[in-house]
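Chains, contacts and geometry: an overview
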Amino acid sequence: MTAVPGGPAPGRVPPGARTDPPLRLPRAWRVGRITPLAELLSSPRLTATAVRLAIQIVLVVALWRGLYDSTGTSAGLNESQAVSYAVLAVLATRIRGLDRQAARDTVMQHINQGTIVYWFLRPLPPARYYAWRATGDQLYGYVWFVAGYLICWPAGVLTAPPSTAAGALTATSLVLGQIVLHYVTLLIDLVCFWTLRNHAAQTFFLFMQNLLSGVYAPLWYFPEWFRVASNFLPFQSTLNTPLSIHIGRIPATETAPHLAAQFLWIVLLALLTRWLWGRAAARVVAQGG
């Protein structure tokens, strides 16, 4: 590099020149985009997900239409409501069902391998890292949910919400339900710090979550005692509540208690998991530098 007479020396920044550092994404956002980037860079995985969703939707539509061949209304739901609920439940599995086993980034895997200690040594606290990873997972899942909704609605397998207010309440309740699910999942993961291996707990949790949230079937079809018992658990707030609002089984004017229950579960589970994170940190020991 040749110096210009009267100009600054080579390699030196002229006085008054801007020296802004290169634009960098916030650390938390870089964590949140791990899942979407990993999925987008794997075209076979995207194709498999699309095919699996399409097959599931075709099967549940055929099943529920067949069940309503000989009846008009059951448990307060007609055929279009039942089919819409089932299709929405399938689409919602993309928000709820992302698996990090292949990426080896589950709490149980890190504990078994001894790498969980790095979560506590990073500049980003482990609770915040976990929350941002989950946020990225769910945002990616919402893309699939919305895309599927926009395809199924014109195809006639989904009914629109009864009103604009019901649609807005459905969206609000769905977001609150996913936050509840996040804390419930976190609670199960935190058990690993005391049990080391909780495959059985996770399998049981997955079954109970799908059963009591309404993935297998709307809770309105279950006996009264079953529905009453489920009111004391957070599971139905994750899915059955928002989908019931969408199909009109819960009128928009009666959603306040259900939304309040979702808020209450979020607060209680947030406080509990925050306390457990502190207890878990006390069990992690890092030796050496």
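Residues numbered from 1 in each chain as written. Predicted model: local features only at pLDDT ≥ 70, side-chain atom pairs only at ≥ 80, totals over all residues. Heavy atoms only, no water.

Let's shift gears to the confidence of the model for the protein. Per-residue confidence for the protein gives a mean pLDDT of 83; residues scoring 70 or more make up 84%. Helix H1 (residues 27-32) is the least confidently modelled element of the protein, averaging 71 in pLDDT, while helix H12 (residues 240-246) averages 95, the highest of any element. For the stretch residues 7-11, pLDDT sits under 50, and the model shows 4 contacts to residues farther than four places along the chain or on other chains. (pLDDT = per-residue confidence, 0-100. Helix = DSSP H or I, 4+ residues; strand = E, 2+ residues; numbered from the N terminus. Contact = heavy atoms within 4.5 Å.)

Tallying each qualifying case throughout the model produces 12 aromatic pairs. Judged by centre distance (5.8 Å) and plane angle (65 degrees), the ring pair of Tyr-149 and Trp-153 falls under edge-to-face. Taken together, the residues Tyr-149 and Trp-153, both in helix H6 (residues 126-155) and 4 residues apart, mark about one turn of the helix. Using a relative accessible area of 15% as the deciding quantity, one classes Tyr-149 as buried. Given the relative accessible area of 42%, Trp-153 is considered partly exposed. On the basis of an interplanar angle of 70 degrees and a centroid distance of 6.4 Å, the ring pair of Phe-193 and Trp-194 is categorised as edge-to-face. According to the relative accessible area criterion, Phe-193 is buried, its value standing at 7%. On the basis of relative accessible area, Trp-194 is assigned to the partly exposed category, the value being 36%. Through pairs of rings, three or more aromatic residues link up here, namely Phe-120, Tyr-130, Phe-193, Trp-194 and Trp-277. (Phe/Tyr/Trp six-rings, centres within 6.5 Å; stacked < 30°, edge-to-face > 60°. Buried < 20%, exposed > 50% of the residue type's maximum accessible area, 1.4 Å probe, protein only.)

On to the packing of helix H3 (residues 43-67) against H6. Axis separation between H3 and H6 bottoms out at 12 Å; the angle between their running directions is 45 degrees. Taken together, the axis directions place H3 and H6 in an arrangement best described as oblique. Along this stretch, H3 crosses H6, giving a crossing that reads as right-handed. Across from Leu-46, Thr-49, Ala-50, Leu-53 and Ile-57 in H3, the residues of H6 making contact are Tyr-140, Trp-144 and Cys-152. (Axes fitted to C-alpha atoms, helices over the stretch in contact; angles between N-to-C directions. Parallel < 35°, antiparallel > 145°, perpendicular 65-115°, else oblique. Left-handed = near helix turned anticlockwise from the far one by under 90°.)

With that settled, consider unusual backbone geometry. Residues other than glycine seldom take positive phi values, yet Ala-75 does so here, at roughly 55 degrees. Looking at where Ala-75 falls in the secondary structure, it is placed in the loop between strand E1 (73-74) and strand E2 (77-78).

Between two packed helices, what matters for the description is the angle formed by their axes and the separation of those axes. For the pair H6 and helix H7 (residues 164-190), interaxial distance at closest approach is 11 Å and the crossing angle is 135 degrees. In terms of axis orientation, H6 runs oblique to H7. Helix-helix and strand crossings are classified by hand; for H6 and H7 the assignment is right-handed. Packed against H6, whose contacting residues are Tyr-130, Ala-131, Ala-134, Gln-138, Tyr-142 and Phe-145, the element H7 presents Leu-174, Val-175, Gln-178, His-182, Thr-185, Leu-186 and Asp-189 at the interface. A class-by-class count of the residues in the contact of H6 with H7 yields 8 nonpolar, 4 polar and 1 charged. (Nonpolar A, V, L, I, M, F, W, Y, C, P; charged D, E, K, R; others polar.)

Attention shifts here to the environment of Ile-266. Of note, Ile-266 is situated in helix H13 (residues 256-283). Given the relative accessible area of 14%, Ile-266 is considered buried. Taking the C-alpha atoms as reference, Ile-266 lies 9.0 Å from Leu-181; in sequence the two are 85 residues apart.

Another point: the environment of Val-58. Along the chain, the position of Val-58 falls in helix H3. Spatially, the C-alpha atoms of Val-58 and Val-157 are 9.4 Å apart, while their sequence positions differ by 99 residues.

Our focus in this paragraph is the nonpolar core. Nonpolar side chains tend to gather and get buried jointly when the protein is soluble and globular. Core analysis: the largest hydrophobic core is formed by 31 residues, its most contacted members being Ile-57, Val-60, Val-61, Trp-64, Val-87 and Phe-145. Sorting the residues of this core by element identifies H3, helix H4 (79-96) and H6 as the ones contributing at least two each. Among the elements that line this core, the one with the most residues is H4, at 11 residues. Judged by nonpolar contacts, the second largest core, of 30 residues, contains Val-180, Leu-212, Leu-269 and Trp-277. (Core = buried A, V, L, I, M, F, W, Y, C linked by side-chain atoms within 4.5 Å.)

We now examine a nonpolar patch on the surface. Among the surface-exposed residues, Trp-29, Trp-132 and Leu-139 lie close enough to one another that they form a single nonpolar patch of about 290 Å² accessible area. Summarising the element assignment, Trp-29 is placed in helix H1. (Patch = residues over 30% accessible without salt bridge, like charges linked within 9 Å, V, L, I, M, F, W, Y side chains within 5 Å. Areas by Shrake-Rupley, 256 points an atom, 1.4 Å probe, with all protein chains shown as cover. Salt bridge = Lys/Arg side-chain N within 4 Å of Asp/Glu carboxyl O.)

A word on H6. Helix length check: H6 (30 residues) gives 43 Å between terminal C-alpha atoms against 44 Å at 1.5 Å per residue, within 8%. Positive phi appears at Gly-156, one or two residues downstream of H6, with a value of about 90 degrees. (Expected span 1.5 Å × (residues − 1).)

Right, let's talk about the side chain of Asn-240 for a bit. With respect to the secondary-structure elements, Asn-240 resides in helix H12. Assessed through its relative accessible area of 3%, Asn-240 is described here as buried. Those residues within four positions of Asn-240 in sequence are excluded, and the remaining contacts are Tyr-85, Ser-213, Pro-218, Leu-219 and Trp-220.

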